[in-house]
Amino acid sequence: MPAGLRSSVEAIPGTPLPHGILGAPCTTVTDITEATLHELNGVQWMGLGCCPVRDWEDPCATLPPTPPVEKGYCRPETEHADPITVYAGAECSALGWSYEEARAHAEASLLLGEQQALEAAWWRTKLAVEAVDLTPAAGPVHVAQGVAALEACMGQRYGGLGTLHVPTDVAAILGCCNVLREDPASGALRTLVGNCAVLGAGYSAVGTGPGNVPAEPGTAWVYMTGPVEIRRGPAMVIPDKPGPSVDYRTNDRRVLAERTFVVSTTCTVCAIQVVTTP
């Protein structure tokens, strides 16, 4: 067939990964309204479930009687979460692209990529900053052993259902070891204990350990937190009208689409380094 001018068609649509931080059934995503718009500045709360619940034994019921022990009290700590803003920018010649086309492209790019960007930012600014490193002195462990250690950490420090944060390059190994199973009712990926897993492409993009230290070749980091709540703001387009989108010095049109999130979790962050090679 003779060569000719290529035909312009619609862009190939994409789909965000179903078990990422915005799609996994184990995270709660709440869309911010006008009434709650101030929450996008960050939120704080009194931690719940971080204080231990202890059993008490009546000293008079023992033989011989033991000295009475005072019941302990725990002062809840104030926890907080800061905003994370992600964006997508579209640029093209103003002669070949209308404002509406540039805006639509930026908005579609944001919808496809915002999950990955949010995962990367939260890993870098929260998980890798606050984690307790459980890696033994002998070095990285098998993936199944690593998940077991993380679940033990969360069970001791929190006690409720937690959330595994797994880079996508570790997900296949978890499948081989039958560590995660899909809940037929919700579609959530869960361990035998019941903890839910988020499989993040953004996690893989960063992949650092506590202190944001890069992982050695053949290893990866897996984290675990308490429940995850996400406040999602509206998508904003900048500029919101055609005129300011054009740089008249270059005749290029530039449009940004951005969204702010606030990602919250509670009590503790646990981390362990695992082996990803045989």
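What comes next is a walk through the structure.

**Digging into the state of the cysteines**
Consideration 1: Enumeration over the complete set of coordinates arrives at four disulfides.
Consideration 2: Here C26 is linked by a disulfide to C196, with a sulfur-sulfur distance of 2.5 Å. Between C26 and C196, the S-S dihedral sits near -70 degrees, and the bridge is therefore left-handed. In this pair, C26 sits in the segment before β1 (27-31) while C196 sits in strand β9 (residues 196-200), placing the two residues 170 residues apart along the sequence.
Consideration 3: Look at C196 and you get buried, because its relative accessible area is 2%.
Consideration 4: Shown here is the disulfide that connects C51 with C74, its sulfur atoms set 2.0 Å apart. The sign of the S-S torsion, about -65 degrees, decides the handedness of the disulfide formed by C51 and C74: left-handed. With C51 in the loop between β2 (43-46) and β3 (78-81) and C74 in the loop between β2 and β3, this residue pair connects regions lying 23 residues apart in the sequence.
Consideration 5: Taking the relative accessible area as the measure of exposure, C51 reaches 26% and is therefore partly exposed.
Consideration 6: A residue is classified by how much of its surface remains accessible, and C74, at 39% relative accessible area, is partly exposed.
Consideration 7: Disulfides within the protein link the bonded cysteines, taken in sequence order, as 1-6, 2-7, 3-4, 5-8.

**Description of the pattern of salt bridges**
Two side chains of opposite charge can pair, provided their charged atoms sit close to one another.
Consideration 1: Inspection of the entire model under this criterion finds eight salt bridges.
Consideration 2: Here E91 makes a salt bridge to R254, at a shortest N to O gap of 2.5 Å. Of the two residues, E91 is situated in strand β4 (residues 83-93) and R254 in strand β14 (residues 252-264); the sequence distance between them amounts to 163 residues.
Consideration 3: Here E91 falls in the partly exposed class, since its relative accessible area comes to 48%.
Consideration 4: The exposure class assigned to R254 is partly exposed, which follows from its relative accessible area of 46%.
Consideration 5: Here E114 ties to R259 by a salt bridge, and the two come within 2.8 Å at their closest N and O atoms. Taken as a pair, E114 in helix α1 (residues 99-130) and R259 in strand β14 lie far apart in primary sequence, 145 residues in all.
Consideration 6: Residue E114 is classed as buried on the basis of its relative accessible area of 6%.

**Thoughts on the layout of surface pockets**
Consideration 1: In this model, the largest pocket occupies a volume close to 350 Å³.
Consideration 2: Secondary structure elements with two or more residues in the lining of the largest pocket: β3, β4, α1 and β14.
Consideration 3: If you tally residues by element for the lining of the largest pocket, the top one is α1, at four residues.
Consideration 4: Residue composition of the lining of the largest pocket, by class: eight nonpolar, six polar and four charged.
Consideration 5: Its boundaries defined by the atoms lining it, the second largest pocket holds a volume of some 280 Å³.
Consideration 6: As for the second largest pocket, its lining consists of E10, A11, I12, P13, G14, A104, H105, A108, S109 and L112.
Consideration 7: Looking at the lining of the second largest pocket residue by residue, the class counts come to six nonpolar, three polar and one charged.

Procedures and definitions
Within any chain, residue numbers begin from 1 and follow the written order of that chain's sequence. Reporting in this predicted model follows two pLDDT cut-offs: at least 70 for local features of residues, and 80 or more for side-chain atom pairs to be given and counted; totals over whole chains, interfaces and linings ignore these cut-offs and use all residues. Hydrogen atoms and water are omitted, and side-chain values are computed over all heavy atoms in the structure. Our working definition of a disulfide is a cysteine sulfur pair at a distance within 2.5 Å. For the purposes of this entry, the term helix denotes a DSSP run of H or I that reaches at least four residues, the term strand denotes a run of E that reaches at least two, and both are numbered from the N terminus. Throughout, exposure labels follow a simple rule: accessible area from a 1.4 Å probe, protein chains only, divided by the maximum for the residue type, with under 20% read as buried, over 50% as exposed, and the rest as partly exposed. The working definition used for a salt bridge is a side-chain nitrogen of Lys or Arg within 4 Å of a carboxyl oxygen of Asp or Glu. Grid spacing is 1 Å over the protein atoms alone, the probe is 1.4 Å, and a cavity is where that probe fits but cannot get out, while a pocket is an open set with protein on both sides within 12 Å along at least five of seven lines and lining residues have an atom within 4 Å of a point. Grid points are joined across faces, edges and corners, and a volume is the space filled by probe spheres set on the points. Here the nonpolar group is Ala, Val, Leu, Ile, Met, Phe, Trp, Tyr, Cys and Pro; Asp, Glu, Lys and Arg are the charged ones; every other residue, Gly included, is treated as polar.

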